[in-house]
Amino acid sequence: MTAQTNAPARRAGAGHRPGRTAGDRAGTTVAVLGATGCVGRAVCAAYARRGHRVLAIARTAPPDGDHPFLALDVADTAPADLARILGDAGVDTVVNAAGGWARTEELHRGHVQLVRRLVAAVGATRTRPRLVHVGSVHEYGPIAEGTSVSETAEVRPDTAYGRMKLAGSRIVLRAAQTGSVDAVVLRAVNVYGPYTTPASFLGSLRDRLRRAGPEGLTVTVAAARRDFVDARDLAEAVVLAGRAPVTGEVINIGRGVAEDVRELVRVLLETAGLRPEAVPLVDAPVTSNGGAWTRADIGRARRLLGWRPRAGVRESIEALWEQG
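Numbering of residues begins from 1 in every chain and follows the order in which that chain's sequence is written. Whole-chain, interface and lining totals are the exception, using all residues; otherwise, since this is a predicted model, local features are given only for residues with pLDDT of at least 70 and side-chain atom pairs are given and counted only at 80 or more. Derived side-chain values reflect all non-hydrogen atoms in the structure, with water molecules and hydrogen atoms excluded from consideration.

Caption draft 1: Broad picture of the pairing of strand β7 (residues 182–188). In terms of burial, β7 is a largely internal element, seven of the seven residues being buried. Burial classes follow relative accessibility: with a 1.4 Å probe on protein chains only, a residue under 20% of its type's maximum area counts as buried, one over 50% as exposed, and anything between as partly exposed. Here a strand is any run of E in DSSP of at least two residues, a helix any run of H or I of at least four, and the numbering for each starts at the N terminus. Burial along β7 is two-sided: the residues Asp182, Val184, Leu186 and Ala188 and Ala183, Val185 and Arg187 are all buried. A pair of strands is considered paired only if DSSP assigns at least 2 bridges between the two. Two strands pair when backbone bridges link them, and strand β6 (residues 130–136) and β7 are joined in this way by seven bridges, in the parallel orientation. What sits directly across from His133, in β7, is Val185. Crossovers are described as right-handed under a simple rule: with the strands pointing away from the observer, the path leading from the first strand over the helix to the second runs clockwise. Handedness of the β6-helix α4 (residues 160–178)-β7 crossover: right-handed. By the bridge criterion, four bridges tie β7 to strand β13 (residues 250–253) in an arrangement that is parallel. From the neighbouring strand, Arg187 faces β13, where its bridge partner is Asn252.

Here you go:
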């Protein structure tokens, strides 16, 4: 894929936009795609706390019924049908937190096909809702150790996941730059906290500990340092982005700290009531998305959204253990 920069777009329909009123007041309706996942659940809760109506959308119903729910596979839904659904519900803001880790063909379906149909639907919806698309730091590709990646960096993803996430973000940004949608892309770092997905390293380790306990457990962990953000902090950034007077922008969301993954494992073991030294850690090569180092420059999030992360590592790990 050809590298390009992600400098803030300044063509018609991009950059600064007039102040928004609908997203600023309680009583409006927000549609959250991927509402049953780690990020989606946190986004639904953040909007509900502010008094907004939430329409939760996902392929499978959640175990709890905190919000009105629509079982829908957006990747297989015609844009006209989705536009009608959003319009009939009076949706003012759409949050795309859908997708996940999967095989390559499923990655394209969940991160490109879905986004293409969603953008077409939002552009055709009579209420013209604001779109907040949750992207990924992996869209940048490898990050040089000791550096913080900014939104103007060249994008050179070297994994299937990173390439598919970048393709989806580009669909959103092109539509915003042409004025067909009012949208912003949040590039999130690794996410943990409540309901952390079992597909992640920390979520998988949590589930292994719950199933088998420490007996005979060995943890294989790479010597990596990565930026992590609590899903609840990311959700707060989504809410702020939904009403911020900017469009066609990429905004990094992280803590701006490269955490030692071994230290995160130690905190998780302690949270599980174990002595970290009782569980052997075995060195392994870095094979997961993101490489050995990730750290996001979050200055733009502070400037444009007035956002900053609040949850510390131990608080997030405790939520990961208790709510997962």
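Caption draft 2: Up close: the confidence of the model for the chain. Per-residue confidence from the predictor is reported as pLDDT, a score between 0 and 100. The predicted model of the chain averages 89 in pLDDT, with 88% of residues at 70 or higher. Contacts from residues 1–13, a stretch scored under 50 in pLDDT, to residues over four places away or in other chains number 43 contacts. It only takes one pair of heavy atoms within 4.5 Å for two residues to be counted as in contact. Note on residues 18–25: pLDDT under 50 across the span, and 15 contacts to partners over four residues away in sequence or across chains.

Caption draft 3: Geometry of the packing of helix α1 (residues 38–49) against helix α6 (residues 231–243). Between N-to-C directions, angles cover 0 to 180 degrees, with each direction set by a line fitted to C-alpha atoms, over the stretch in contact for helices. Following both chains from N to C, one finds α1 and α6 inclined at 55 degrees, their axes separated by 8 Å at the closest point. Regarding the angle of α1 to α6, the classification is oblique. Both α1 and α6 take part in a crossing whose hand is right-handed. Touching Cys38, Val39, Ala42, Val43, Ala46, Tyr47 and Arg49 of α1 are Ala231, Arg232, Leu234, Ala235, Glu236, Val238, Val239 and Gly242, all from α6. Under the scheme applied here, ten amino acids are nonpolar (Ala, Val, Leu, Ile, Met, Phe, Trp, Tyr, Cys and Pro), four are charged (Asp, Glu, Lys and Arg), and all others, including Gly, are polar. Here the contact of α1 with α6 is built from residues that sort into 11 nonpolar, one polar and three charged. Roughly parallel means an angle under 35 degrees; roughly antiparallel means over 145; roughly perpendicular covers 65 to 115; every other angle is labelled oblique. Each crossing gets its handedness from the near helix: less than a right angle anticlockwise from the far helix is left-handed, clockwise is right-handed.

Caption draft 4: Region of interest: the nonpolar core. For the purposes of this section, nonpolar cores are sets of buried Ala, Val, Leu, Ile, Met, Phe, Trp, Tyr and Cys residues that join through side-chain atoms within 4.5 Å. By size, the foremost hydrophobic cluster in this structure holds 79 residues, and its most contacted members are Val94, Leu186, Ile253, Leu305 and Trp307. Membership of the second largest hydrophobic core comes to 21 residues, among which are Leu205, Leu217, Val219 and Ile317.

Caption draft 5: Broad picture of unusual backbone geometry. Not every positive phi belongs to a glycine, and Arg128 is a case in point at roughly 45 degrees. The topology assignment puts Arg128 in the loop between α3 (104–124) and β6. A relative accessible area of 39% means that Arg128 is categorised as partly exposed. The phi dihedral of Tyr195 falls on the positive side, at around 60 degrees, and the residue is not glycine. Among the structural elements, Tyr195 can be located in the loop between β8 (190–192) and α5 (201–212).

Caption draft 6: Structural context of the pairing of strand β2 (residues 29–33). In terms of residue burial, β2 counts as a mostly covered element, since five of its five residues are buried. Taking every second residue as pointing to the same face, both faces of β2 are buried, with Thr29, Ala31 and Leu33 on one and Val30 and Val32 on the other. Pairing analysis gives five bridges linking β2 to strand β3 (residues 53–58), with the strands arranged parallel. Counterpart to Val30 in the pairing with β3 is Val54. Following the backbone out of β2, through α1 and into the adjacent parallel β3, one traces a crossover that is right-handed. Bridge analysis of β2 against strand β5 (residues 91–96) gives five bridges, and the strand direction is parallel.

Caption draft 7: The arrangement of the pattern of salt bridges in detail. Salt bridges, as used here, are contacts in which a Lys or Arg side-chain nitrogen is within 4 Å of a carboxyl oxygen on Asp or Glu. One pass over the full model with this rule turns up 19 salt bridges. Across the salt bridge formed by Glu236 and Arg49, the nearest N and O atoms sit 2.9 Å from each other. Of the two residues, Glu236 is situated in helix α6 and Arg49 in helix α1; the sequence distance between them amounts to 187 residues.

Caption draft 8: Seen up close, the sheet that holds β5. If you walk across this open sheet you meet the seven strands as β4-β3-β2-β5-β6-β7-β13, and the pairing is parallel. The outermost strands of the open sheet, each flanked by one partner alone, are β4 (69–71) and β13. When the angles between neighbouring strand axes are averaged without regard to direction, this sheet yields 20 degrees. Bridging between β3 and β4 involves three bridges; their strand directions are parallel.

Caption draft 9: Examining the packing of α5 against helix α9 (residues 313–322) more closely. Following both chains from N to C, one finds α5 and α9 inclined at 50 degrees, their axes separated by 10 Å at the closest point. Between α5 and α9, the angle is such that the two are oblique. Considering how the two elements wind past one another, α5 and α9 form a crossing that is right-handed. Judged by residue contacts, Leu202, Arg206, Leu209 and Arg210 of α5 engage Ile317, Leu320, Trp321 and Glu322 from α9.

Caption draft 10: Structural detail: the packing of aromatic side chains. A pair of Phe, Tyr and Trp rings is counted when the ring centres sit within 6.5 Å of each other, with Trp represented by its six-membered ring. The angle between the planes then sorts it: under 30 degrees is stacked, over 60 is edge-to-face, the rest tilted. Following the criterion strictly, the structure yields one aromatic pair and no others. Above the face of the Tyr195 ring, Arg41 is positioned so that its terminal group lies 3.6 Å from the ring centre. We call a charge positioned above a ring when the Lys NZ or Arg CZ atom is no farther than 6 Å from the ring centre and deviates by at most 35 degrees from the ring normal. Directly above the ring of Trp321 sits Arg210, whose terminal nitrogen or CZ lies 4.9 Å from the centroid.

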